[in-house]
Amino acid sequence: MHPFSQITSLQQGLARGDYSSRELTEFYLERVKRLNPRSNCYITLCEERALRQADAADQRIRNGAASPITGIPLAHKDIFCTSGVATTCGSRMLETFVAPYDATVVARLDAAGAVTLGKANLDEFAMGSSNENSYFGAVSNPWDEERVPGGSSGGSAAAVAWGLAPIATGTDTGGSIRQPAAFCGVSGLKPTYGRVSRYGMVAFASSLDQGGVLGRSVADLGLLLAHFAGPDPLDSTCHAAADPWLDALRNGSLETPTGGLRIGLPTEYFTQLDEAGQLDAAAKIFEAWGCTLTDISLPHTDAAIPAYYIIAGAEASTNLSRYDGVRFGHRCSDPASLDDLYQRSRTEGFGAEVKRRILTGTYALSVGYFDAYYIKAQKIRRLIQQDFLNAFDAVDLILAPTAPGVAFPKGDLTGDPVAMYQQDLFTIPASLAGLPAMSLPCGFEAGLPLGMQLIAPHFAERTLLEWGDRYQRETDWHLQHPEVD
Ligand code: GLN
């Protein structure tokens, strides 16, 4: 057993009987107990439950009734509701909250026989780019423990990078899967908006939130996605039509794509990074396969961050109004009146960044400013989406950096929210447009991993996964891991 194994290889080990799911699960649990004090990847460890699931998985494997992920241990971002296990969302507000039901993503992975090791750390309510906004403390990047793992799915990305889970779920509203994947040197997929059910995923910005996966290879991302994506009557924004390709992937593997893909390199995204030329080198690999590389323009890129922080804040301010201290969540002691109950419960329960979003979002939605901010931001969102649709008339895939730099030191940006928001420069546009996008390791800069982002047209995850997988069969960036033991 190797902590940095891909699930596609663990699956073979389980099928051959090299080890049982119980042994595999105990192996990861032991590592988590040893390394979590240093890394803080997990908020909750589900030891007993995981061992029960592992035993059931072993039984299923013996009975010949296993799915391709039966017995595979994983971590869930602590934004997915899990019945019987706390779902904190990284907030004091939900510190003791135990959901009465499972998120669709969790229920489907459970049904397929996956083993939940625990709940991964995250920025409070998924708001942040460094995991430093978690009520449960920051997470360490295993490539340099003084640096952040990215966010908001920082615990998920770091758990995979530390070898504390072979794969993990995450969510991405404006970059929260892709940016931490890039910072931690793992692969991360944000599917098309509507590909994955949001049922049981604690809401941040409902028109942007999308569940996805972080793992050690593109092949692993595809395998897990196939088991949790797809139509769900419990989420009206989940695309209603099944995708036969994705359904087939559940029991199959990615094919090697052929032919010449037209790849676009957006000039607006190649401004700051890539001194070492790693992205150029990656693009050259695609070129050698017969793909064409074209410079393209996404002219409204500049307006993406301001538009996103208006829209996401507006939606957050309404979504988070449910935390009123009455039905669930943190409740202040001895309220003097109903107003006092609301006010103190929310003041005590939310952290500074969440309060900032609620304030700015409420402001943008207020009668006097609705047109000037919210409506204007929606118009910008439409223009950004149109930029991509125009680009996809001429290209099949967009190749770009994932983030404007490598993982930064803890504390560097905490005093400057706008500088923190700038981290999302290259991830937010695809989120506003609802497009599928993936980050995969493509090199190192001063010992820290660099991420390459691939963005595809709506519901073209197949293009992302097959070409990403082909890239990983030709390179070994995704096989590198930090020396943490
Ligand atoms: N960093 C962005 C934010 O803070 C994106 C977060 C996310 O994708 N959940 O809103």
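Residues numbered from 1 in each chain as written. Predicted model: local features only at pLDDT ≥ 70, side-chain atom pairs only at ≥ 80, totals over all residues. Heavy atoms only, no water.

### Quick word on the pattern of salt bridges
Stage number 1. Under the counting rule described, the total for this entry stands at 25 salt bridges.
Stage number 2. Between E26 and R22 there is a salt bridge, and its shortest N-O distance comes to 3.2 Å. Here R22 and E26 lie together in helix 2 (residues 21–39), a separation of four residues that amounts to about one turn.
Stage number 3. Residue classification places R22 among the partly exposed positions, given a relative accessible area of 29%.
Stage number 4. Among the ionic pairs, R250 bridges to D247, the shortest N-O distance being 2.7 Å.
Stage number 5. Exposure remark for R250: the relative accessible area of 30% places this residue in the partly exposed category. (Salt bridge = Lys/Arg side-chain N within 4 Å of Asp/Glu carboxyl O. Helix = DSSP H or I, 4+ residues; strand = E, 2+ residues; numbered from the N terminus. Buried < 20%, exposed > 50% of the residue type's maximum accessible area, 1.4 Å probe, protein only.)

### Points about the state of the cysteines
Covalent bonding between the sulfur atoms of two cysteines defines a disulfide.
Stage number 1. The final tally for this structure, using the stated rule, is zero disulfides.
Stage number 2. Here C41 is not cross-linked by a disulfide; its sulfur's nearest cysteine counterpart is in C184, at 7.9 Å.
Stage number 3. C41 sits in the buried class, given a relative accessible area of 0%. (Disulfide = S-S within 2.5 Å.)

### A word on the pairing of strand 10 (residues 437–445)
Stage number 1. With eight of nine residues buried, strand 10 lies mostly within the body of the structure.
Stage number 2. Two elements, strand 5 (residues 187–190) and strand 10, share three bridges in a ladder whose sense is antiparallel. Bridging across to strand 10, G188 finds its partner in S439.
Stage number 3. Across eight bridges, strand 10 lies against strand 11 (residues 448–455) in antiparallel orientation. Opposite P441, over in strand 11, you have G451 as the bridge partner.
Stage number 4. Adjacent in sequence and paired antiparallel, strand 10 and strand 11 are bridged by two residues, among which A446 carries a positive phi angle near 50°. (Pairing = 2+ DSSP bridges.)

### A few points about the environment of A242
Stage number 1. Residue placement: A242 occurs in the loop between helix 7 (218–228) and helix 8 (244–249).
Stage number 2. By relative accessible area, which is 47% here, A242 ends up partly exposed.
Stage number 3. C-alpha separation for the pair A242 and S130, spaced 112 residues apart in sequence, amounts to 35 Å.
Stage number 4. Sequence-distant contacts of A242, that is, excluding residues within four places in its chain, are made with P231 and D247. (Contact = heavy atoms within 4.5 Å.)

### Considering the site of the ligand
Stage number 1. Neighbouring the ligand are 15 residues, the closest being S129, G174, S176, Y308 and R357.
Stage number 2. One of the side-chain N or O atoms of S152 is found 3.5 Å from a nitrogen atom in the ligand.
Stage number 3. At a separation of 2.7 Å, an oxygen atom of the ligand approaches a polar side-chain atom of Y308.
Stage number 4. Expressed as a share of its isolated accessible area of 290 Å², the protein-covered part of the ligand is 100%.
Stage number 5. Across the shell around the ligand, the residue classes break down as five nonpolar, seven polar and three charged. (Near = heavy atom within 4 Å. Polar contact = N/O pair within 3.5 Å; in protein donor to acceptor, adjacent residues only side chain to side chain. Areas by Shrake-Rupley, 256 points an atom, 1.4 Å probe, with all protein chains shown as cover. Nonpolar A, V, L, I, M, F, W, Y, C, P; charged D, E, K, R; others polar.)

### Focus on the packing of aromatic side chains
Stage number 1. Throughout the structure, instances matching the rule amount to 22 aromatic pairs.
Stage number 2. Three or more aromatic residues link up through ring pairs in this structure, and these residues are F97, F125, Y323, F328 and F350. (Phe/Tyr/Trp six-rings, centres within 6.5 Å; stacked < 30°, edge-to-face > 60°.)

### Considerations on the environment of C46
Stage number 1. Here C46 shows up in the loop between strand 1 (42–45) and helix 3 (47–62).
Stage number 2. Here C46 falls in the buried class, since its relative accessible area comes to 6%.
Stage number 3. Between the C-alpha atoms of C46 and L397, which are 351 residues apart in sequence, the distance is 40 Å.

### Topic: helix 1 (residues 7–16)
Stage number 1. Within helix 1 the residues assigned to the buried category are I7, L10, G13 and L14. The buried residues of helix 1 occupy one face: seen down the axis, they fall within an arc of 110°. The exposed residues of helix 1 that point more than 90 degrees off its buried face are A15 and R16.
Stage number 2. In this structure, the buried side of helix 1 is in contact with helix 2, helix 3, strand 4 (167–172) and helix 7.
Stage number 3. Where helix 1 terminates, the next one or two residues include G17, which has phi positive at roughly 80°. (Arc of directions from axis to C-beta.)

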